[in-house]
There are 6 protein chains.
Amino acid sequence: MTFVRPLGRPADALRPLRITRGYTRHAEGSVLIEFGQTRVLCTASVEERVPPHKKGSGEGWVTAEYGMLPRATHTRSSREAAKGKQTGRTQEIQRLIGRSLRAVFDLAALGERTITLDCDVLQADGGTRTAAITGAFVAAQDAVNQLLASGALSSNPIRDHVAAISVGIVQGTPLLDLEYVEDSACDTDMNVVMTGAGGFVEVQGTAEGVAFSRAEMGTLLDLATAGIATLVQAQKTALAQPLPAQD
Amino acid sequence: MTFVRPLGRPADALRPLRITRGYTRHAEGSVLIEFGQTRVLCTASVEERVPPHKKGSGEGWVTAEYGMLPRATHTRSSREAAKGKQTGRTQEIQRLIGRSLRAVFDLAALGERTITLDCDVLQADGGTRTAAITGAFVAAQDAVNQLLASGALSSNPIRDHVAAISVGIVQGTPLLDLEYVEDSACDTDMNVVMTGAGGFVEVQGTAEGVAFSRAEMGTLLDLATAGIATLVQAQKTALAQPLPAQD
Amino acid sequence: MTFVRPLGRPADALRPLRITRGYTRHAEGSVLIEFGQTRVLCTASVEERVPPHKKGSGEGWVTAEYGMLPRATHTRSSREAAKGKQTGRTQEIQRLIGRSLRAVFDLAALGERTITLDCDVLQADGGTRTAAITGAFVAAQDAVNQLLASGALSSNPIRDHVAAISVGIVQGTPLLDLEYVEDSACDTDMNVVMTGAGGFVEVQGTAEGVAFSRAEMGTLLDLATAGIATLVQAQKTALAQPLPAQD
Amino acid sequence: MTFVRPLGRPADALRPLRITRGYTRHAEGSVLIEFGQTRVLCTASVEERVPPHKKGSGEGWVTAEYGMLPRATHTRSSREAAKGKQTGRTQEIQRLIGRSLRAVFDLAALGERTITLDCDVLQADGGTRTAAITGAFVAAQDAVNQLLASGALSSNPIRDHVAAISVGIVQGTPLLDLEYVEDSACDTDMNVVMTGAGGFVEVQGTAEGVAFSRAEMGTLLDLATAGIATLVQAQKTALAQPLPAQD
Amino acid sequence: MTFVRPLGRPADALRPLRITRGYTRHAEGSVLIEFGQTRVLCTASVEERVPPHKKGSGEGWVTAEYGMLPRATHTRSSREAAKGKQTGRTQEIQRLIGRSLRAVFDLAALGERTITLDCDVLQADGGTRTAAITGAFVAAQDAVNQLLASGALSSNPIRDHVAAISVGIVQGTPLLDLEYVEDSACDTDMNVVMTGAGGFVEVQGTAEGVAFSRAEMGTLLDLATAGIATLVQAQKTALAQPLPAQD
Amino acid sequence: MTFVRPLGRPADALRPLRITRGYTRHAEGSVLIEFGQTRVLCTASVEERVPPHKKGSGEGWVTAEYGMLPRATHTRSSREAAKGKQTGRTQEIQRLIGRSLRAVFDLAALGERTITLDCDVLQADGGTRTAAITGAFVAAQDAVNQLLASGALSSNPIRDHVAAISVGIVQGTPLLDLEYVEDSACDTDMNVVMTGAGGFVEVQGTAEGVAFSRAEMGTLLDLATAGIATLVQAQKTALAQPLPAQD
């Protein structure tokens, strides 16, 4: 017996994916990414300075911050700014996004500047961190394109695409791209980050209920590999369009 | 000689106004309000509990929180959650929004529950606090409508509309609804909050440069009064539509 | 029917006002100001450095901090230093004091130095922020006088007086200079900051109960204008005395 | 050769001492104590509740908080509330004041209520913690007297007086009641807290420069014993007066 | 060409492993675990209460906290308690330890009590989180044994062993149990947590340099599986000894 | 009738004392000191920089930090890093350790570098601060020895030994080196810090119950003087051994 997904989605299908570039106007890159009902606004900001550990190194830095609007979720969660600190979950996620993006950046080619990727969840329905990574890549590319166009950079410091998806086992069925109700019910939850070339950047698998086997891990990685290939293709399609003009 | 506004906007004209209800799906009320390029997402969350000072009083509470995405602005500002505290400006604004909404609420009629209005600025171009108040009212009304529809409330605890606008004097010219470049250059800046019936809820006028006169204050209040009447009409028009269905 | 004030005070009368210069000995300016039972110690400290946003600008800075001793009030309130943060109310007030003082300062004439106005409430009975602004002006003038006397400044960077008063409507009666029992009961509460020349620096009116009308605002501003003229005269009288010698 | 004190004060003399009861009006006890130029406002607040570790014990609690106004000192120090934390020095001092007062209180006789002693330094010139303890005792007695007068207490929970003084060795000369210039220059600094009956409650001696000997400690304790006897007498004289009426 | 490990250690060998039970005396379980030069003190504390989300559920809770002494590392790192917050790395690790232990606990069988595992690194040389998990299991078992011995528990709530190890690829060579110099140089770093029965609880692989392939992941998981089997055996051996008597 | 100590220890006897140098390997000095069941790990870290108040002074700095593992105590205490602040007790103790060590250091001879003494309590049974001071001295000497050996220093900046012990009066009996059960029950508690030459660096006596007399203080100081002489001898013996080799 297998788990039946909402809306009859096949086990190996992504949710409807939408990538909107130029979603806000001030950032050097600004992307709204939607994995079904999950919507994350990813902006890339370029600043002509680097954190202390990179000063004088000739290298740049790429970092990320993550946030969730208080009512992005089913019930209101408290505002981190009001509580005065970020949760451990938030910190884990923003560290993951930062590492994932740096994995495809040549920091020396970027020069002594910082790209900050702000990923803010407007609406949450599972998979916010994977949507954030996938959207942040597009925002970073738009920011880099602007640096190339202005002559600030003469060559592209981005070596490859990077995208991410969640996979998991729900009631014994391996599924791609878990939405919230699936995520809450799953036995195993895995987030996978891969490059356009198909290399693994991060694999984070967690047994929520019973431990999982090597065979199950293999199945999940197969699902993720196929899903990420689709995401990378969608990134390419989105970036091939002209950036919408700001009035 | 008078100041010429961007896009040739008349001194007494509002920017293009857009109110989108049901912008996100989890909140009891969710409104994206746009004053020109300023875009604020206002959600209303209903919780069946009250803060300590209202416990056992039979009365409810209405409160607000305000935030700005780091790259809502021309240059990136640091994330309050990461710094571990809200700025004085943020606190002032969220206290203002809360007071403004409470001014039109009958807290006894609301019963022992809390409505929290989260106003998050996605894109800033001046007037974020006045847009937030104007949009939060619509979100609050949608949340109350849901309580009425479900039978949790039998009568409407909202006694009147409330809306807000900024006015100011730039290079000697009194202007309605300042956008960012005007706000940065103004001598006097005033935020006005009024009810649908035309009573004043808040008047906050500040001389940024030279002090202002009683006559100037009069002119500014006239501009604000007319502008707010238009906003209240727009709230009514928006609320007269059926709430968009969530797929 | 009109509201009868404590001690039979007329509606348009200030409370007994006392300005004591040289109240403490270390600060460049030190003033105890009393509005009836409200007592605020205002010190002006001169430091030969400026905050980052003024560095190298040739301009100085004037800023304020506000505090209330835990038992300045009828019941003890918790100590902000012990709780580890200032309330929103404290931050609002200290920002207001700072803006009000800067409104009469020529920061270029001050040179690259900072004047910090510390306003600490020893006893509270309504109107602490307006007493603080009125007293801080005198302390600032004493500090500037010391800079002029020492030759550090050759011309006075203070362009005009600044003073503040509260007005409000209690049970339908417009009143000047609200004390605590009046403030707690008022429908409308307004703080007004004006220059010696009679220009408005700040007007902050709030409807605590029912919204207020243009006519009521006019009456309140008339009351405030007269009251502030008296306060400015008292500042002048106080500053005309020789500073008491420190033993 | 011996050190010559400011104003020719003898080595074994206290500075001019002044105890003003009823200094502010809201607190159950309110005392301004002056040791020369050092001025500390000590208020005692009675609250009908106890901290968690005393709940249900039938015993009360006595605690203290200490603060220094930013410009109580020669140069401005930063405001602890603004920095968001109390220094280690502040915490040490307030813990010392609390322990000293508890040493003369019968907490069972106090009943389940808390007396909080807020000691705020208006002007500092050495010896603020000893002035605070000596003044806090008087404020505590005034608060207890009010509880006795109202019938809330039927017997006095205070078993004895408590007072404190600093002693030190400056340039080889043992001195009583160090003022700031002496304190900065001393080799050994000792704070002594004693009961009215002459028992030691706290002795805290620190070698700032060279270590001190048993003989020097003996001399310092003799000085302190005599000084504290004078302080206790002054407390008794002050408390023998009727409390000044509040208008 | 393959990487040569310090001390000639084979690629698939663990470092010398030592598990010392009863290392400190107050905790219900107290284990010093050493993976070569990495030394972590793991204590298990039993408290007869649960966090809010478990109150009234009939279930217990198992949680972990992690810390590193400031000079556990080659250069001193700042003390988290002094800085006033835990780093993102610390929070990630303690969340990982908690999840790993909960994976083998039957929280209903534990009853409404909490076991807190404090893992404090006395000396760091790579692999502190995996040592912490492996040692925390032994401490938890000792604490549970005490609850069983006292009759507080009648059956063992621990369903299986859990242990963890790091694996990685250094200069192309897959290695088991990375020490610090290897960890700093690796291209891929993976932490693996498994049960005694050989199921996966957590897999966290990160490409520090180039992305890794499915084949490499397979090799790393093989290494980890064998290493963890050895660790579980060592846990069993350690637990089979009588707990050293406390004098 | 006199108090009978645990294990029949005489009133004037120290607990078994053990000083283990080279306890961990990264720090320039690393000492585990044991006063009976109290065990404190003291590390000395040398950094080639000084805090702001010493910059450019030609002088170095010696400072200390203190911590207690959460389960060093009979019942678990909360982790300061997790709570986000150090308690007042922790701050008092680390300030005491720093002052005590600086009392025997010639900061000019140390040069512009900082020695930080981290004192972390692994197991607590009374006297942790005195053990910390006594052990930190040995760690500091080892760090200085390394600077002398490397030629970074040409002469020893340490002028004398420093050590510390607690004394107290329990049920009328003066005792040396209180352990936890004695400390909890004592009427008077005194911590004494002395140099090798027998001078007093700190004396901190507190009446927990009844106030103490001059005669009692004399007896306690006699006990402490003898105890510290023994501790200094033990420091010398420990330092006379070769430092254990690190494998």
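Worth saying up front: this structure is predicted, and the values here are computed from it rather than measured.

Caption draft 1: Region of interest: the sheet that holds strand 8 (residues 188-195) of chain C. Within the open sheet, the eight strands sit side by side as 7(B)-6(B)-8(B)-9(B)-9(C)-8(C)-6(C)-7(C). Their pairing is antiparallel. The two strands at the open ends of the sheet, each matched to only one other strand, are strand 7 (173-176) of chain B together with strand 7 (173-176) of chain C. The average undirected angle you get between the axes of adjacent strands in this sheet is 15°. Bridge analysis of strand 6 (residues 162-170) of chain B against strand 8 (residues 188-195) of chain B gives eight bridges, and the strand direction is antiparallel. Bridge pairing links alanine 163 of chain B to methionine 194 of chain B in strand 8 of chain B. Running at roughly 150° to strand 9 (residues 200-207) of chain C, helix 2 (residues 88-102) of chain C makes contact with strand 9 (200-207) of chain B together with strand 6 (162-170), strand 8 and strand 9 of chain C of the sheet. The strands touched by helix 4 (residues 128-150) of chain C are strand 6 and strand 8 of chain C; relative to strand 6 of chain C, the strand with the most contacts, the crossing angle is about 165°.

Caption draft 2: Fine view of the packing of aromatic side chains. Per the counting criterion, the structure on display carries six aromatic pairs over all chains. The positively charged end of arginine 39 of chain B is found above the aromatic ring belonging to tyrosine 23 of chain A, 5.7 Å away from the centroid.

Caption draft 3: Layout of the relation of the copies chain B and chain A. For the pair chain B and chain A, the best superposition has an RMSD of 0.0 Å and corresponds to a rotation of 180° with a translation of 0.0 Å parallel to the axis. Such a combination of rotation and displacement between the chain copies is what one expects of a two-fold axis. Same-surface contact between copies: 100% of interface residues of chain B are shared with the interface of chain A.

Caption draft 4: Here's a closer look at the arrangement of the chains. Considering only C-alpha positions, the minimal separation of the non-contacting chain C and chain E is 12 Å. Contact between chain B and chain F is absent, and the least distance between their C-alpha atoms amounts to 12 Å.

Caption draft 5: Focus on the sheet that holds strand 5 (residues 114-123) of chain B. Residue and element names in this part refer to chain B. Pairing is mixed across the open sheet formed by five strands, whose spatial order is 1-2-3-5-4. Looking along the sheet, the strands with just one partner apiece sit at the ends: strand 1 (17-21) and strand 4 (61-68). Pairs of neighbouring strands in the sheet enclose a mean axial angle of 15°, with direction left out of account. Two strands pair when backbone bridges link them, and strand 2 (residues 29-35) and strand 3 (residues 38-47) are joined in this way by seven bridges, in the antiparallel orientation. The partner of leucine 32 across the bridge, within strand 3, is leucine 41. In the packing of helix 4 (residues 128-149) onto the sheet, contacts are made with strand 1, strand 2, strand 3, strand 4 and strand 5, and the angle to strand 3 comes to roughly 35°. Each of strand 1 and strand 2 is contacted by helix 6 (residues 214-240), which is oriented at about 30° to strand 1, the strand it contacts most.

Caption draft 6: Molecular detail of helix 2 (residues 88-102) of chain B. Residues and elements named next belong to chain B. Taking 1.5 Å per residue as the helical rise, helix 2 with its 15 residues ought to reach 21 Å, and the 21 Å between its terminal C-alpha atoms agrees with that figure. The element helix 2 is largely enclosed, with a buried count of 11 among its 15 residues. Listed in full, the buried residues belonging to helix 2 are Gly88, Thr90, Gln91, Glu92, Ile93, Gln94, Leu96, Ile97, Gly98, Ser100 and Leu101.

Caption draft 7: The arrangement of the UniProt feature "binding site: phosphate" (unreviewed entry) in chain A in detail. Residues and elements named next belong to chain A. Sites flagged by UniProt as "binding site: phosphate" (unreviewed entry) map to Arg89, Gly127, Thr128 and Arg129. Across 41 residues, the annotated set stays spatially compact, with a maximum C-alpha separation of 13.4 Å. Positionally, glycine 127 belongs in the loop between strand 5 (114-123) and helix 4 (128-149). In this view, glycine 127 contacts Arg15, Phe35, Thr38 and Leu178; residues no more than four positions away in its chain are not counted. Here arginine 129 is to be found in helix 4. The residues touching arginine 129, leaving out its near neighbours within four places in the chain, are Arg89, Ile93, Leu96 and Asn191.

Caption draft 8: Local environment of the pairing of strand 4 (residues 61-68) of chain E. Residues and elements named next belong to chain E. In terms of burial, strand 4 is a largely internal element, six of the eight residues being buried. Where strand 4 meets strand 5 (residues 114-123), eight bridges bridge the pair, whose relative direction is parallel. Each bridged residue has a counterpart across the sheet, and for glycine 67 the counterpart in strand 5 is aspartate 120.

Caption draft 9: Local environment of the environment of aspartate 189 of chain A. Residue and element names in this part refer to chain A. Inspection of the secondary structure puts aspartate 189 in strand 8 (residues 188-195). Considering only alpha carbons, one finds aspartate 189 and alanine 149, 40 residues apart in sequence, at a separation of 41 Å. Residues within four places of aspartate 189 in sequence aside, it is in contact with Val167, Gly168, Leu178, Asp183, Gln204, Gly205, Thr206 and Glu208.

Caption draft 10: Summary view of the side chain of glutamine 123 of chain B. Structurally, the position occupied by glutamine 123 of chain B is in strand 5. Of the polar contacts made by the side chain of glutamine 123 of chain B, one reaches the side chain of glutamine 37 of chain B; its length is 2.9 Å. In contact with glutamine 123 of chain B, other than residues within four places in its own chain, are Tyr23, Thr24, Arg25 and His26 of chain A together with Gln37, Thr38, Arg39 and Ala72 of chain B.

Caption draft 11: Examining the side chain of threonine 24 of chain E more closely. Residue and element names in this part refer to chain E. One can find threonine 24 in the loop between strand 1 (17-21) and strand 2 (29-35). Judged by its relative accessible area of 4%, threonine 24 falls in the buried class. A polar atom in the side chain of threonine 24 sits 2.6 Å from the side chain of serine 30.

Caption draft 12: Broad picture of the interface of chain B and chain A. At the interface, 39 residues of chain B touch 39 residues of chain A. When the area that chain B buries against chain A is broken down by residue, the three leading residues are His26, Arg71 and Arg76 of chain B, summing to 25%. Here chain B is connected to chain A by 12 salt bridges. Between arginine 71 of chain B and glutamate 28 of chain A there is a salt bridge, with its nearest N and O atoms 2.6 Å apart. Along the contact surface separating chain B from chain A lie 25 residue pairs in polar contact (both at pLDDT 80 or more). Residue assignment for the side of chain B that touches chain A shows that the elements contributing at least two residues are strand 3, strand 4, helix 1 (80-83) and strand 5 of chain B. Across the side of chain B that touches chain A, the residue classes tally to 14 nonpolar, 12 polar and 13 charged.

Caption draft 13: Quick look at helix 4 (residues 128-149) of chain E. All names here are of chain E. Across its 22 residues, helix 4 extends 31 Å between first and last C-alpha, which sits within 8% of the 32 Å expected from 1.5 Å per residue. Of all the 22 residues making up helix 4, 18 are buried; the element is thus mostly covered by neighbouring parts of the structure. Glycine 151 sits one or two positions beyond helix 4 and adopts a positive phi of about 85°.

Caption draft 14: Quick look at the pairing of strand 2 of chain E. Residues and elements named next belong to chain E. Across the seven residues that make up strand 2, a large majority, seven, are buried. Every second residue of strand 2 is oriented toward a common face, with Gly29, Val31, Ile33 and Phe35 on one face and Ser30, Leu32 and Glu34 on the other, all of them buried. Sheet topology note: the strand 1/strand 2 ladder contains five bridges and is antiparallel. By the bridge assignment for strand 2, isoleucine 19 is matched with isoleucine 33.

Definitions and cut-offs
Residues numbered from 1 in each chain as written. Chains lettered and ligands numbered in written order. Predicted model: local features only at pLDDT ≥ 70, side-chain atom pairs only at ≥ 80, totals over all residues. Heavy atoms only, no water. Pairing = 2+ DSSP bridges. Helix = DSSP H or I, 4+ residues; strand = E, 2+ residues; numbered from the N terminus. Axes fitted to C-alpha atoms, helices over the stretch in contact; angles between N-to-C directions. Contact = heavy atoms within 4.5 Å. Phe/Tyr/Trp six-rings, centres within 6.5 Å; stacked < 30°, edge-to-face > 60°. Lys NZ or Arg CZ within 6 Å of the ring centre and 35° of its normal. Least-squares fit on C-alpha atoms with pLDDT ≥ 70 in both. Expected span 1.5 Å × (residues − 1). Buried < 20%, exposed > 50% of the residue type's maximum accessible area, 1.4 Å probe, protein only. UniProt positions renumbered as here; feature names shortened; annotations may be inferred. Polar contact = N/O pair within 3.5 Å; in protein donor to acceptor, adjacent residues only side chain to side chain. Buried area = accessible area lost by both parts, 1.4 Å probe. Salt bridge = Lys/Arg side-chain N within 4 Å of Asp/Glu carboxyl O. Nonpolar A, V, L, I, M, F, W, Y, C, P; charged D, E, K, R; others polar.

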